[in-house]
Each structure stands twice: as C-alpha cells, then as structure tokens.
Amino acid sequence: MPQRIGFAGLGLMGSRMARQFLDKGFPLAVWNRTPEKAKPLVERGAKRAGTPRELAEMSDVVISCVADPSAVGRLVFAEDGIRPVARAGFSYVETSTISPGLMRRVAEVLEAQGTKVLEAPVTGSKTGADKGTLLLMCGGKKEVFDELMPVLMAMGSKAVLCGPIGHGSVVKLIGNTLISYMLEGFCEGLVVARKAGVDAEKLLEVVMASGFSSPYFPFKATAIAKRDFEQHFSVDLLVKDQTLMLEEAASLKVPMPGLAALREVFQAARAQGWGQEDIAAVYKVIEKNAGV
Ligand code: NA7
C-alpha cells in the first residue's frame, strides 16, 4: 500500500508537487494557510485538513513546502502544528528552503518523538514541479533517505543525499547563490549588448556554444526578450535565500562580498514593486540603472 501523504503549503511549487501524488496514486491530504488554494486538489480527490496537526494525524508522511523559516516554525511548533502529534512510524520531509540551523532544530524536536525526518529542498522551478522532474538535495540518515525514495521520486527525477540534516539546506543555498551570479551577470551583459548595438541572439549563440553555457541562459533570455516576468521563482524568495546564505556564511566566518552586492540589486527590484515577479525582473533594475 502506498503511504498516506499529507502535503502542507500549496503555493507555486507546493500545489504542483502535491498534484504529483494524486497522479501517481498516493492517498493525499492537504493543508494550506489560505484554504481556498486547496480547492483544485480537493476536487481531484485529496482530503482537506483543517490544521497542520490534523494533517499529520491523517498521514504517514507529511511534506512541507512553505515560504520561509517563520512559516516552517508555524507549521511545526504551533499549538495546532505537527509537533504535538509527531510519533514513531510517522515521517516528515521538509522541502522549503530554510536555514540549516532551523532544519536541525526541527529534526531534533521531531526525532525525539520517534519521527523520521528528511530535508529535501528542491530545484527545477515551476516547470520541474509541474512535470515531477525536480532535483532534491537531501540531508538526513541514509536509511530514512532510502525508505522515503518512492515518495521523493513522485516529485522529482533525482535525489542526492548530501550528508546529515543541514547539509541539504547548505547545498541548496549555494545553488541559489550560483543562480544569483549567473542571472545577474547575464542580465548585465544583455544590457551592455543592447547599448552597444550587439544582437542579443548572437550573444546567446556564442554563450551556448561556449564552455560557460547553461540551459539557464536561453530559459531566462527568452522570457526577458518577451518581457515575460511571470513568476517561476519570485524575487522575494530569492532575496530570502540570499539572506539565509549570507547569515550562514557569517556564522562560518566566510566573507561573501559578491553575494552581498548582488543581493542589493535584487533588493532594488523589490523596492520597485517587482518582488512577486520572476527573478528575471532583475533585468529591469540593470536596464533602469543604465538609462535604457
Ligand atoms: P509561494 O508560491 O510564495 O508559496 C508559499 C507557501 O507558503 C504558500 O502555501 C503560503 O500560504 C505558505 N506560507 C507563507 N507564510 C506562511 C505562514 N506564516 N504560515 C503558513 N504557511 C505560510 O512559494 P513557492 O511555492 O515558490 O516556494 C515554496 C518554498 O520552496 C520556498 O521555501 C522556496 O524558497 C522553495 P498562503 O497560500 O500564502 O496562505
């Protein structure tokens, strides 16, 4: 029998990840802070939980995909949260991007009650969530990782065990740091090309034929060319992750001057009111600064 899945957090990513479980025949229950967002999944057969606590009671495995550390705190530690009903035979998978410190705290508290805990932040954005092809960066015990593999593979096509709890979050934050560099650097280049009269198509052709090519560049260049800034991954959430990375680096006494500067460019996008747009909206900040 497939395990009963409880999915908490039905935002841009979570709604699509939860849908995979219905598509693949798992019994599904869902909870979201704004209950209306559960409607499409409930119409397709998911049960609705009134609180995270009720969700945990109805499930063998709860998967969380909420915005940030304070949302995870609410989900786990609130009176009507998961903690009061965490038990042996129950598993908790955290896919939200949070600090490694909070992840360790969540694991410590739930494991003390016999619950198996795995962290599994994801990459692959909206499209990967839609297709069930996400990459999961896991942290936790090997036996828990192995046991939960069928659940992970309902959402993704590859899961890497990065180490103990906390290591998945560190790897995820480093990944989003690289995205920040690649995207901002590419957008600076596009604006220079535009002012110099260089054809953006030619720039892209060379980049993609080079040793520094990445599918990320045509993905974002196409959206920018169409001025389509509809959210795949919001500016607000990337700035949250940049801040988490800078805090983690500070705790390890690692200076990250590059990321500190980059965060200000994305922060400027938020100041312009583009926080809920896709991270490609950083292009508009660079464009504006260059008087284009
Ligand atoms: P979204 O689309 O912004 O969705 C965020 C979700 O988190 C959504 O379900 C929110 O509920 C929920 N949320 C936000 N704050 C809270 C609090 N305080 N309590 C409970 N639930 C909350 O984000 P994505 O789906 O793109 O990303 C989710 C995670 O994956 C995030 O960590 C990314 O960095 C990676 P709402 O519907 O607003 O009531």
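Residues numbered from 1 in each chain as written. Predicted model: local features only at pLDDT ≥ 70, side-chain atom pairs only at ≥ 80, totals over all residues. Heavy atoms only, no water.

**Section: the overall build of the protein chain**
Each helix and strand in the protein chain was counted, giving 14 helices and nine strands. Taking 292 residues into account, the globule formula puts the C-alpha radius of gyration at 19 Å, and the protein chain, at 20 Å, falls close to it. Across its three principal axes, the protein chain shows a C-alpha extent of roughly 65 × 45 × 35 Å. For the protein chain, the proportion of its 292 residues judged to be buried stands at 50%. In the protein chain, 65% of the contacts between residues at least 6 apart in sequence involve partners at least 24 apart. In the form shown here, the protein chain has an accessible surface area of approximately 13,100 Å², with 58% of it arising from carbon and sulfur atoms. When the 35 basic and 32 acidic side-chain charges of the protein chain are each reduced to a single mean position, those positions are 2 Å apart. (Helix = DSSP H or I, 4+ residues; strand = E, 2+ residues; numbered from the N terminus. Rg over C-alpha atoms; globule rule 2.2 N^0.38 Å. Buried < 20%, exposed > 50% of the residue type's maximum accessible area, 1.4 Å probe, protein only. Contact = heavy atoms within 4.5 Å. Areas by Shrake-Rupley, 256 points an atom, 1.4 Å probe, with all protein chains shown as cover. Lys, Arg positive; Asp, Glu negative; His and termini not counted. Charge placed at Lys NZ, Arg CZ, Asp CG, Glu CD.)

**Details of the domain arrangement of the protein chain**
Each domain of the protein chain was delimited in the assignment, giving domain 1 (5-163) and domain 2 (170-289). A straight line from the C-alpha centre of domain 1 to that of domain 2 covers 28 Å. Taken together, the contact between domain 1 and domain 2 spans 15 residues of the former and 14 residues of the latter. Both sides together, the interface formed by domain 1 and domain 2 hides about 1,200 Å², and carbon and sulfur atoms give 63% of it. Of all residues in domain 1, the largest losses of buried area upon contact with domain 2 belong to T97, P100 and K126, amounting jointly to 38% of the total for that side. Counting every contact that joins domain 1 to domain 2 gives one salt bridge. One can count five residue pairs in polar contact (both at pLDDT 80 or more) joining domain 1 with domain 2. (Domains from an automatic or database assignment. Buried area = accessible area lost by both parts, 1.4 Å probe. Salt bridge = Lys/Arg side-chain N within 4 Å of Asp/Glu carboxyl O. Polar contact = N/O pair within 3.5 Å; in protein donor to acceptor, adjacent residues only side chain to side chain.)

**A look at the state of the cysteines**
Working definition of a disulfide: a covalent bond connecting the sulfur atoms of two cysteines. Under the counting rule described, the total for this entry stands at zero disulfides. Not engaged in a disulfide, the cysteine C65 finds its nearest cysteine sulfur in C138; these two sulfurs lie 14 Å apart. (Disulfide = S-S within 2.5 Å.)

**Considering the side chain of Q242**
In this fold, Q242 is placed in helix α12 (residues 235-251). Beyond its immediate stretch of four places on either side in the chain, Q242 contacts S180, L259, R263 and F266.

**Here we look at the site of the ligand**
By nearness alone, 21 residues border the ligand, and L12, N32, T34, K37 and K240 come closest of all. Here an oxygen atom of the ligand and a backbone polar atom of M13 are 2.8 Å apart. Those elements that place two or more of their residues in the shell around the ligand are α4 (69-77) and α12. In terms of residues, the shell around the ligand owes the most to one element, α12, which gives three residues. Residue classes in the shell around the ligand are distributed as nine nonpolar, seven polar and five charged. (Near = heavy atom within 4 Å. Nonpolar A, V, L, I, M, F, W, Y, C, P; charged D, E, K, R; others polar.)

**Structural notes on the nonpolar core**
Core analysis: the largest hydrophobic core is formed by 33 residues, its most contacted members being F7, M17, F21, L28, I63 and L152. Those elements that provide at least two residues to this core are β1 (5-8), α1 (14-23), β2 (28-31), β4 (61-64), β8 (134-140), α7 (142-147) and α8 (149-155). Dropping the residues within four chain positions of it, L152 is found in contact with V93, L118, A120, L136, C138, F145 and A159. Membership of the second largest hydrophobic core comes to 28 residues, among which are I179, L204, A221 and F233. (Core = buried A, V, L, I, M, F, W, Y, C linked by side-chain atoms within 4.5 Å.)

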